[in-house]
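# Overview (structure and organization)
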Amino acid sequence: MMIKILLFANLAQQAETERVSIEVKSPLSVEEVRNMLQNQIGKLSGIENALVAVNEEYVDLTDQVNDGDTVAFIPPVSGG
Amino acid sequence: MMIKILLFANLAQQAETERVSIEVKSPLSVEEVRNMLQNQIGKLSGIENALVAVNEEYVDLTDQVNDGDTVAFIPPVSGG
Amino acid sequence: MKRFNITEKSINNQEVIDQVVHHNAGAISVFIGTVREMTGEKQTKFLHYEAYVPMAEKQLEKIGIEIQEKWPNAITAITHRIGTLQISDIAVSIAVSTPHRQDAFEASRYAIERIKEIVPIWKKEHYADGEEWVGNQKGTKTYPAGHPEGVKK
Amino acid sequence: MKRFNITEKSINNQEVIDQVVHHNAGAISVFIGTVREMTGEKQTKFLHYEAYVPMAEKQLEKIGIEIQEKWPNAITAITHRIGTLQISDIAVSIAVSTPHRQDAFEASRYAIERIKEIVPIWKKEHYADGEEWVGNQKGTKTYPAGHPEGVKK
C-alpha cells in the first residue's frame, strides 16, 4: 500500500521536496510513518515538533494511517 | 455684551431652535448663562445633565463666559 | 481626506484604513459601527445623527492624541457620519495601526468608548412605533463639573 | 468570494467586510495584518508565505465555527494571502460582525490568535542580511500528542 507524504516550510527545504511517497505492507501509526520517512530520505531536523495531519485533519502520533492516506508534517505555523 | 448659545438634540427640540443669543451687562459664569437662557426661553428639561462647551472646549460650570463667546449645551452624547 | 472627520456622505472604510497604513505597522484594527435593525424587541426603521461638527472633529482629534500617548507609534483615523442612516449603513469607521496587534485592538476599543463619552454627536432612533433621542437623556448620569471625566480642558 | 479563503492575490478589505454585513449587526471588528519593516533591529525586505491550502481553508472555517459557538450571532470572514509580500502589503484580513461591539472585538482577536495556532501557513522573513522561517522552528514548544491543544479531531 502507498502513503503520500507532504512536507512544508523548513521540512520541505531540508528534504528538497514537498512530496514523498512511501510503500508499506500494512497499516501503521503516524509515528511509524515519521520514522520510515526519515529512513527513506534522511533525518529531518525539527520534524518531532511538527504537527501531523492525515487527510487534512490533525491526528495523534498513535493514530493509524491507511492505504491512500495523505500524511502532512506541519512545522509550527506562523500565519497572520 | 453678546453671548451666543448653541442647543442640540432634545434641548434644541424643546427650544424649537438651535441658536439663541443673550445680551448681558458683564462677564458671568456658565451656570449663570444656563439660568439666563431658561429665563429667556423657558425651562429646558435635562439641561442640568448637559455638558457645557465654551468655544468648542468643555468647561466647568464655574468658568467665566466673555463677550462673543459661544456656549454650547451638550446633552449626553450617543455617537458611535 | 481628513484623519478626523464628520461627514454627511456614506463612509468608505478603505479610505479610513489607508490613512493609518505605515511601513512599521504590523497590525490595523478597524472598528465599524453599523445600523442594527433589532434591539431587543424594538425595530429600528432608520437613524438620524446630528453633531456639533467643528467641536466633534476636535474631540476626535483629541482621542487620536490620547491614543498616541497611551500606545506610542499608534496612528488613528476616525470618520463619523451624520444625517439619516438606513439599516446596515456605516455610522462610524475607526482605524488604528500599531507595530503589534495587541495595541491595535486595545486602542481601537478605546477609541469607540471615548467617542461615546466625549464627542458631541447624538443619535435619534426612529422605531416602528415612535422616535427617541438615544443616550442618557434621562439624567441618571450627571456631570456636576459640567464636563465628562478625563476631558482635558 | 469564499468566506474562508487563501489567495495569491492582493487582499481587498472591503470584500472581506461585505461578507459579514448583516441587518442585525451593530458592530464589525476588522483585523488587518500588514507586513512590518522593522522588528527590533532587524529590517525585513519582503516576506514569503506558503500554506497547505486546502487544509488551511478548512482550519479557517473551523475558526469561524468556534467563533459562532462562543459568540452567537457572530459572522466571520477571513482571507489570508500567500506568496511574496512587500512592506505594508496585507497578509490577512479578518472581519467579524456581531450585534454588540464587545463581542466583535473579542471574536476578532480570538480569530487572529487561533490562526497563529492551528492554520497551516508559514512565513519566511527575508531580512537585509539573510532569511528565516518564522515561528517556533527551534522546538521550544512541542506537541507530544501530534496536534495543538484545543484542536478537535
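Each remark here, short or long, concerns the structure printed above.
Keep in mind the model is a prediction, meaning the values are calculated, not measured. (Residues numbered from 1 in each chain as written. Chains lettered and ligands numbered in written order. Predicted model: local features only at pLDDT ≥ 70, side-chain atom pairs only at ≥ 80, totals over all residues. Heavy atoms only, no water.)

## Concerning helix H3 (residues 101-118) of chain C
- With 18 residues, H3(C) extends 26 Å from end C-alpha to end C-alpha; this agrees with the ideal 26 Å at 1.5 Å per step.
- Among all positions of H3(C), only Ala104(C), Phe105(C), Ala107(C), Ser108(C), Tyr110(C), Ala111(C), Ile112(C), Arg114(C), Ile115(C) and Ile118(C) are buried. (Helix = DSSP H or I, 4+ residues; strand = E, 2+ residues; numbered from the N terminus. Expected span 1.5 Å × (residues − 1). Buried < 20%, exposed > 50% of the residue type's maximum accessible area, 1.4 Å probe, protein only.)

## Quick word on the pattern of salt bridges
- Across all of its chains, the model carries 16 salt bridges over all chains by this definition.
- Note that Glu56(A) is salt-bridged to Lys58(D), the shortest N-O span being 3.1 Å. Here the residue Glu56(A) occupies a position in the loop between strand E4 (51-54) and strand E5 (57-58), and Lys58(D) occupies one in helix H2 (residues 53-70), the pair thus bridging two chains.
- Between Glu57(C) and Lys2(C) there is a salt bridge, with its nearest N and O atoms 2.8 Å apart. Here Glu57(C), found in helix H2 (residues 53-70), pairs with Lys2(C), found in the segment before strand E1 (4-7); they are 55 residues apart in sequence, far enough to count as distant.
- Taken together, the shared-partner salt bridges connect Glu66(C), Arg114(C) and Glu117(C) into one network. (Salt bridge = Lys/Arg side-chain N within 4 Å of Asp/Glu carboxyl O.)

## Describing the packing of aromatic side chains
- In this structure the tally under the stated criterion is eight aromatic pairs over all chains.
- With centroids separated by 4.9 Å and ring planes inclined at 35 degrees, the aromatic side chains of Phe8(B) and Tyr52(C) adopt a geometry described as tilted. Separated into two different chains, Phe8(B) in the loop between strand E1 (2-7) and helix H1 (9-15) and Tyr52(C) in the loop between strand E4 (42-51) and H2 make up a pair that spans both.
- Counting every residue linked through ring pairs, the aromatic cluster contains Phe8(A), Tyr52(D) and Trp122(D). (Phe/Tyr/Trp six-rings, centres within 6.5 Å; stacked < 30°, edge-to-face > 60°.)

## Considerations on the pairing of strand E9 (residues 130-133) of chain C
Residue and element names in this part refer to chain C.
- Note: strand E8 (residues 121-127) against E9, four bridges, orientation antiparallel. Pairing of histidine 126 across the sheet is with glutamate 131, part of E9.
- The antiparallel pairing of E8 with E9 creates a hairpin that spans two residues between the two strands. (Pairing = 2+ DSSP bridges.)

## Brief notes about the interface of chain D and chain C
- Listed per partner, the contact involves 34 residues of chain D and 34 residues of chain C.
- Summed over both sides, the interface between chain D and chain C buries roughly 2,900 Å², with carbon and sulfur atoms accounting for 50% of that surface.
- A salt bridge links Glu113(C) to Arg101(D), with the shortest nitrogen-to-oxygen separation between them at 2.7 Å.
- In this structure, the connection of chain D to chain C is made through 21 residue pairs in polar contact (both at pLDDT 80 or more).
- Looking at the side of chain D that touches chain C, the elements that each hand over two or more residues are helix H1 (13-18), strand E2 (27-34) and helix H3 (101-118) of chain D.
- Element by element, the count of residues in the side of chain D that touches chain C is highest for H3(D), at nine residues.
- Taken together, the seven bridges between strand E2 (residues 27-34) of chain C and E2(D) define a ladder with antiparallel strand orientation. Note on E2(D): the bridge partner recorded for Ile32(C) is Ile28(D). (Contact = heavy atoms within 4.5 Å. Buried area = accessible area lost by both parts, 1.4 Å probe. Polar contact = N/O pair within 3.5 Å; in protein donor to acceptor, adjacent residues only side chain to side chain.)

## Details of the packing of H3(C) against H3(D)
- Axis separation between H3(C) and H3(D) bottoms out at 11 Å; the angle between their running directions is 175 degrees. Classified by the angle their axes make, H3(C) and H3(D) are roughly antiparallel. Note on element contacts: H3(D) touches H3(C) through Arg101(D), Gln102(D), Phe105(D), Glu106(D), Ser108(D), Arg109(D), Ile112(D), Glu113(D) and Lys116(D), opposite Arg101(C), Gln102(C), Phe105(C), Glu106(C), Ser108(C), Arg109(C), Ile112(C), Glu113(C) and Lys116(C).
- Along the lines of polarity and charge, the residues of the contact of H3(C) with H3(D) split into four nonpolar, four polar and ten charged. (Axes fitted to C-alpha atoms, helices over the stretch in contact; angles between N-to-C directions. Parallel < 35°, antiparallel > 145°, perpendicular 65-115°, else oblique. Nonpolar A, V, L, I, M, F, W, Y, C, P; charged D, E, K, R; others polar.)

## Considering the relation of the copies chain D and chain C
- The operation relating chain D to chain C is a screw motion whose rotation component is 180 degrees, with 0.0 Å of axial translation and a residual RMSD of 0.0 Å. Those values place the two copies in the arrangement expected of a two-fold rotation axis. Minimal C-alpha distance to the rotation axis in chain D is attained by Val30(D), lying at 2.4 Å.
- An overlap of 100% is found between the interface residues of chain D and their copies at the interface of chain C, pointing to a shared contact surface. (Least-squares fit on C-alpha atoms with pLDDT ≥ 70 in both.)

## Overview of the sheet that holds E4(A)
- Across the sheet, which stays open at both edges, the five strands sit in the order E2-E1-E7-E4-E5 (chain A) with mixed pairing between neighbours. Each end of this open sheet is capped by a strand with a single partner; those strands are strand E2 (19-23) and E5 of chain A.

## A closer look at the packing of H2(D) against H3(D)
Residues and elements named next belong to chain D.
- Across the interface, H2 lies against H3 with an axial gap of 10 Å and an inter-helix angle of 145 degrees. The interaxial crossing formed by H2 with H3 has right-handed handedness. Residues Gln59, Leu60, Ile63, Glu66, Ile67 and Lys70 of H2 touch H3, and the partners they reach there are Ala107, Tyr110, Ala111, Arg114, Ile115 and Ile118.
- Considered class by class, the residues forming the contact of H2 with H3 number eight nonpolar, one polar and three charged. (Left-handed = near helix turned anticlockwise from the far one by under 90°.)

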